[in-house]
Amino acid sequence: MTDLTQAAAQPLLKVRDLVKSFPVRSSGFRGGRGLVHAVAGVSFDLHQGQTLSLVGESGCGKSTTARCVVRILDPTSGQVEFDGVDLGTLDAAALRSARSKFQMVFQDPQASLNPRMTVGEILAEPLKIHHIPGAEGRERIRELMSLVQLRSADLDRYPHQFSGGQRQRIGIVRALVLEPKLIALDEPVSALDVSIQAEIIRLLERLRDQLGLSYLFIAHDLSVVRHLSEHVAVMYLGKIVESGTNDEVYEQSAHPYTQALLAAAPIPDPLIERSRDRIVLAGDPPSPIDPPSGCHFRTRCWKAQDRCAEEAPVLADPGIGHLVACHFPEVSNVIVQQPVDFRRPT
Amino acid sequence: MNEVLLQTRDLGVEFAVSGGAVHAVRGVDIDVRRGEVVGIVGESGSGKSATMLALLGLLAPNAKVHGSASFNGIEMIGAPHEQLRALRGGRIGMVFQDPMTSLNPVLTVGRQIAEAIEVHQPTLRPKRVMARVQELLEVVAIPNASERMRAYPHELSGGMRQRVMIAMAVANDPELIIADEPTTALDVTIQAQILTVLADLRSRTNSALVIITHDLGVVAGVADRVNVMYAGRVVERGPVEELFYRNQHPYTAGLLACLPRLDTRGRDLEPIGGAPPLLDHLPKGCAFVSRCKVAEPRCHDVDPQLRDVGTVSVACHVAPAATSAMKAMKAVDA
């Protein structure tokens, strides 16, 4: 994408028309069965060594997309191709062995680590499942522990004996122990305090560079995404509404929803924050059980016309260099560029 | 300068736990003047919520509160329950983080707001109460207010529920609104809506607003003055621009340096390193000493008190040299 040789190479992860629906009972005493289209046709590529972030608000389908990619959930339809192999065609045994190459880190390290297992046992679990011999496994665990700055002695302790940031390091080691190529990170820092957040972000950056990892990063915090990713896809109600490189999406956004999101995300700088143009969207996102016709965003969009209700916009490049799903795209920079120094001279 | 509405002096909170006490708040002096927006920022466990809950008399029974908090000259610490009840929801409105757990699930939102009015204005006629409820829902920009009054909390979205909470908080025209992480549970576009509602209300009623948050971006946008809390203390305070641009405490500077920002890319984040001290095992000197890059020997022995340095007040022995020393170290690293 940024680099021609890379664009020509086969992507590590290729997702096409991914759909995931969940059955729900609609409201009312004898409500009939309905479907929530959590992911409603999502396509993207992720190249080796890169980070693609899926951003959006609660219920936009970003986590479900990641879970379908790593096959915690089976997609309703669509393809997920990893390293040239369509995961949908694999039987259970083949999928299990393929899975060692794509792993996941979860939001809440408290909930995703078994409280009754020691850290050593937790980290040995994936190795056991994938029949990796004990000596080799122990060596790997030891290396990874030092890579994330935990001590070997920590292997005998239990998750509750660690702080939130340390627990997230353990979650990361667990994901790394099978030497994966891709890690799906589902809100890995949003449960952490800011001073701890920075450490985990730095660690993720370092691991990506040292181990050549690729990240599918799921987050709602647009500042963290700005910092960590090369490519960004913005989701709304199960669909990607805009995607491009980091700078394209942040500085030349063309979708009204992207612009509203960026305008609403606060910047910790009073002079900038108070001089920004606000776009305050009306209302809440509609229910994914019964999404609006045409463009899903039109009920909150200040540009909506009749056409938006009739015809769903397709994700395409309107001649701006990146992809937008809007009938009336207009490039605009809604965040103000500022010098990097955090303490401005008096 | 406006008159002081709320003043805490040496406010402290201890929680009795098995084998000792957790010192959650350790001598906090905060002033809130009429009509101003005061931000209280800090990370989990810094004591920012406990400070406000203490003066409202809303802490659990195992909490021991000492010091003073006066509202309009009325001492709140140790005040009789009836007196505190009259203030809470009356002259002091409160908004909490999670509207789902703060609202009663089996009463309509209209009924709950009506209750808030009736408790404080018992002689008001039912018709007038309901008219006021509808008016309040309109003030917080809930569409179809007359219909939504009859909705139960679960029928409303998170943003709408938080608007209901705000309507309750302002039902009796409070002089002070205390909002504890009012937007933390909300998505960013909804957060923007709620902050707009709060700002509109505040300027319309000229009430003071205390906003407790971990989000420095929110504070940058709304606060007039800011208190930064760490391990139960205010470690730095000042007008918002002074605090962001001319801060003196290594912790404040460290927080700003470790935040990723929407408007910059490629800047290295500088983690503070370490973790806050345990509140039942506080060090003798400065609570930040183990994480401080510019600590001196005296920082280990003597707990620094807030003092004026430049345009801010800061609890640091090394200030005003602290932040320039940090900058110099950064330059050497680079």
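Residues numbered from 1 in each chain as written. Chains lettered and ligands numbered in written order. Predicted model: local features only at pLDDT ≥ 70, side-chain atom pairs only at ≥ 80, totals over all residues.

Novice: Mind laying out the overall build of chain A, listing which residues take part and the relevant values?
Specialist: Across its full length, chain A carries 12 helices and 11 strands. Relative to the compact-globule value of 20 Å for 346 residues, chain A shows a C-alpha radius of gyration of 21 Å, a close match. Taking the principal axes of the C-alpha coordinates as reference, chain A spans close to 65 × 65 × 50 Å. Evaluated residue by residue, chain A yields a buried proportion of 47% over its 346 residues. (Helix = DSSP H or I, 4+ residues; strand = E, 2+ residues; numbered from the N terminus. Rg over C-alpha atoms; globule rule 2.2 N^0.38 Å. Buried ≥ 20, exposed ≤ 12 C-beta atoms within 10 Å, placed from the backbone.)

Novice: Could you give an account of the sheet that holds strand β5 (residues 85–86) of chain A, with specific residues and numbers?
Specialist: Across the sheet, which stays open at both edges, the 4 strands sit in the order β2-β1-β4-β5 (chain A) with antiparallel pairing between neighbours. Single-partner strands in this sheet number two, and they are β2 (33–46) and β5 of chain A. (Pairing = 2+ DSSP bridges.)

Novice: Requested: an account of the interface of chain B and chain A, with residues and values cited.
Specialist: Where interface size is given, it is often the accessible area lost as the parts come together that is meant. Listed by partner, the interface residues are 42 residues for chain B and 44 residues for chain A. A breakdown of the residues in the side of chain B that touches chain A according to their chemical character gives 21 nonpolar, 12 polar and 9 charged. (Contact = placed C-beta atoms within 7 Å. Nonpolar A, V, L, I, M, F, W, Y, C, P; charged D, E, K, R; others polar.)

Novice: Talk me through helix α7 (residues 194–211) of chain A; I want residue IDs and the actual numbers.
Specialist: Owing to its 3.6 residues per turn, the α-helix brings residues three or four apart onto one side. Residues and elements named next belong to chain A. Compared with an ideal rise of 1.5 Å per residue, which puts 18 residues at 26 Å, α7 spans 25 Å between its outermost C-alpha atoms and is within 8% of the ideal. Where α7 is concerned, the buried positions are Val194, Ser195, Ile196, Gln197, Ala198, Glu199, Ile200, Ile201, Leu204 and Leu207. Phi turns positive one or two residues past the end of α7, at Gly212, with a value near 65 degrees. (Expected span 1.5 Å × (residues − 1).)

Novice: A description of the confidence of the model for chain A should follow, citing residues and the corresponding values.
Specialist: Residue and element names in this part refer to chain A. Here chain A averages 90 in pLDDT, and 92% of its residues register 70 or above. Ranking the helices and strands of chain A by mean pLDDT puts strand β11 (residues 323–324) first, with 98, and helix α1 (residues 4–8) last, with 49. Taken together, the stretch residues 1–7 has pLDDT below 50 and engages in 6 contacts with residues farther than four places along the chain or on a different chain. The model gives residues 338–346 a pLDDT under 50, and that stretch makes 12 contacts with residues more than four places away or in other chains. (pLDDT = per-residue confidence, 0-100.)

Novice: Explain the pairing of strand β8 (residues 208–213) of chain B to me, and be specific about the residues and the numbers.
Specialist: Residue and element names in this part refer to chain B. Judged by how many residues are buried, β8 sits mostly within the fold: 6 of 6 residues are covered. Of the two faces of β8, the one lined by Ala208, Val210 and Ile212 and the one lined by Leu209, Ile211 and Thr213 are each fully buried. Relative to β8, strand β3 (residues 37–41) runs parallel, the two sharing 5 bridges. The partner of Gly39 across the bridge, within β8, is Ile211. In terms of strand pairing, strand β7 (residues 176–180) meets β8 through 5 bridges, oriented parallel. Bridging from a neighbouring strand, Ile178 pairs with Val210 of β8.

Novice: Give me the packing of helix α7 (residues 158–169) of chain B against helix α8 (residues 188–205) of chain B: which residues, what numbers.
Specialist: Residues and elements named next belong to chain B. Running from N to C, α7 and α8 cross one another at 15 degrees; their axes reach a closest spacing of 10 Å. Viewed along their axes, α7 and α8 adopt a mutual orientation that is roughly parallel. Along this stretch, α7 crosses α8, giving a crossing that reads as right-handed. Along the contact surface, α7 presents Gly158, Gly159, Gln162, Arg163 and Ile166, while α8 presents Ile190, Gln193, Ile194, Val197 and Leu198. Of the residues belonging to the contact of α7 with α8, the class tally is 5 nonpolar, 4 polar and 1 charged. (Axes fitted to C-alpha atoms, helices over the stretch in contact; angles between N-to-C directions. Parallel < 35°, antiparallel > 145°, perpendicular 65-115°, else oblique. Left-handed = near helix turned anticlockwise from the far one by under 90°.)

Novice: Quick one: what's the story with unusual backbone geometry, residue by residue and with numbers?
Specialist: Here Ala319 of chain B and Pro320 of chain B are connected by a cis peptide whose omega angle stands at 5 degrees. As for its position among the elements, Pro320 of chain B is in the loop between β12 (312–314) and α13 (321–333). Although it is not a glycine, His131 of chain A sits at a positive phi angle of roughly 55 degrees. Structurally, His131 of chain A can be placed in the loop between α4 (119–129) and α5 (134–147). At Leu237 of chain A, a residue that is not glycine, the phi angle is positive and equals roughly 50 degrees. Inspection of the secondary structure puts Leu237 of chain A in the loop between β9 (231–236) and β10 (239–245).

Novice: Would you mind going over helix α2 (residues 62–69) of chain A in detail, with residue names and values included?
Specialist: All names here are of chain A. In terms of burial, α2 is a largely internal element, 8 of the 8 residues being buried. Three or more residues of α2 are buried, namely Lys62, Ser63, Thr64, Thr65, Ala66, Arg67, Cys68 and Val69. Just downstream of α2 lies Arg71, where phi reads positive at about 60 degrees.

Novice: Tell me about the environment of Leu144 of chain A, residues and numbers included.
Specialist: All names here are of chain A. Inspection of the secondary structure puts Leu144 in helix α5. For Leu144, a count of 21 C-beta atoms within 10 Å translates into the label buried. A C-alpha to C-alpha distance of 24 Å links Leu144 and His227, two positions 83 residues apart in sequence. Setting aside residues up to four positions removed in sequence, Leu144 forms contacts with Val173, Leu176 and Val177.

Novice: Let's hear about the sheet that holds strand β5 (residues 74–75) of chain B: which residues, and what values?
Specialist: Strand pairing within a sheet occurs via backbone hydrogen bonds; the two strands may be parallel or antiparallel. Residues and elements named next belong to chain B. Across the sheet, 4 strands lie side by side as β2-β1-β4-β5; this open sheet has antiparallel pairing. Because the sheet does not close on itself, it has two edges, and the strands there are β2 (20–33) and β5. Of the strand pairs in this sheet, strand β1 (residues 4–17) and strand β4 (residues 63–71) are connected by 8 bridges, and their pairing is antiparallel. Among the inter-strand pairings, Glu14 is bridged to a residue of β4, identified as Lys64. Running at roughly 105 degrees to β1, helix α1 (residues 48–56) makes contact with β1, β2 and β4 of the sheet.

Novice: Give me the lowdown on the environment of Gly221 of chain B, citing residues and values where you can.
Specialist: In this fold, Gly221 of chain B is placed in helix α9 (residues 216–222). For Gly221 of chain B, a count of 24 C-beta atoms within 10 Å gives the class buried. Aside from chain neighbours lying at most four places away, what touches Gly221 of chain B is Pro266, Glu273 and Arg274 of chain A together with Leu195 of chain B.

Novice: Quick rundown of the confidence of the model for chain B? Include the residues and the values.
Specialist: All names here are of chain B. Of all residues in chain B, 99% attain a pLDDT of 70 or more, and the chain-wide mean is 93. In the model of chain B, α13 stands out as the element of lowest mean pLDDT, 79, in contrast to strand β9 (residues 225–230), which has the highest, 98. For this predicted complex, the interface confidence reaches an ipTM of 0.90, while the overall pTM sits at 0.91.

Novice: Which residues make up the nonpolar core, and what are the values?
Specialist: Among the nonpolar cores identified, the biggest contains 201 residues, and Ala184 and Val234 of chain A together with Ile113, Ala167 and Val210 of chain B are the most heavily contacted of them. The residues contacting Ala184 of chain A, other than those within four sequence positions of it, are Ala66, Val69, Val70, Phe102, Met104 and Leu216 of chain A. (Core = buried A, V, L, I, M, F, W, Y, C linked by C-beta atoms within 7 Å.)

Novice: Quick rundown of the environment of Gln79 of chain A? Include the residues and the values.
Specialist: Residues and elements named next belong to chain A. Within the element layout of this structure, Gln79 appears in strand β4 (residues 77–82). What makes Gln79 partly exposed here is the crowd of 15 C-beta atoms within 10 Å. Spatially, the C-alpha atom of Gln79 lies 5.7 Å from that of Val15, the residues being 64 residues apart in sequence. Setting aside residues no more than four positions away along its own chain, Gln79 makes contact with Arg16, Asp86 and Gly88.

Novice: I'd like to hear about the packing of α4 of chain A against helix α6 (residues 164–176) of chain A, residue by residue, with values.
Specialist: Geometrically, a packed helix pair is captured by the angle between its two axes and the distance between the axes. Residue and element names in this part refer to chain A. It is the contact of α4 with α6, at a shortest axis distance of 8 Å, that shows an interaxial angle of 25 degrees. Judged by the inter-axis angle, α4 sits roughly parallel to α6. As α4 runs across α6, the sense of the crossing is right-handed. For the pair α4 and α6, the contacting residues are Val119, Ile122, Leu123 and Pro126 in the first and Ile170, Val173 and Arg174 in the second. A class-by-class count of the residues in the contact of α4 with α6 yields 6 nonpolar, no polar and 1 charged.

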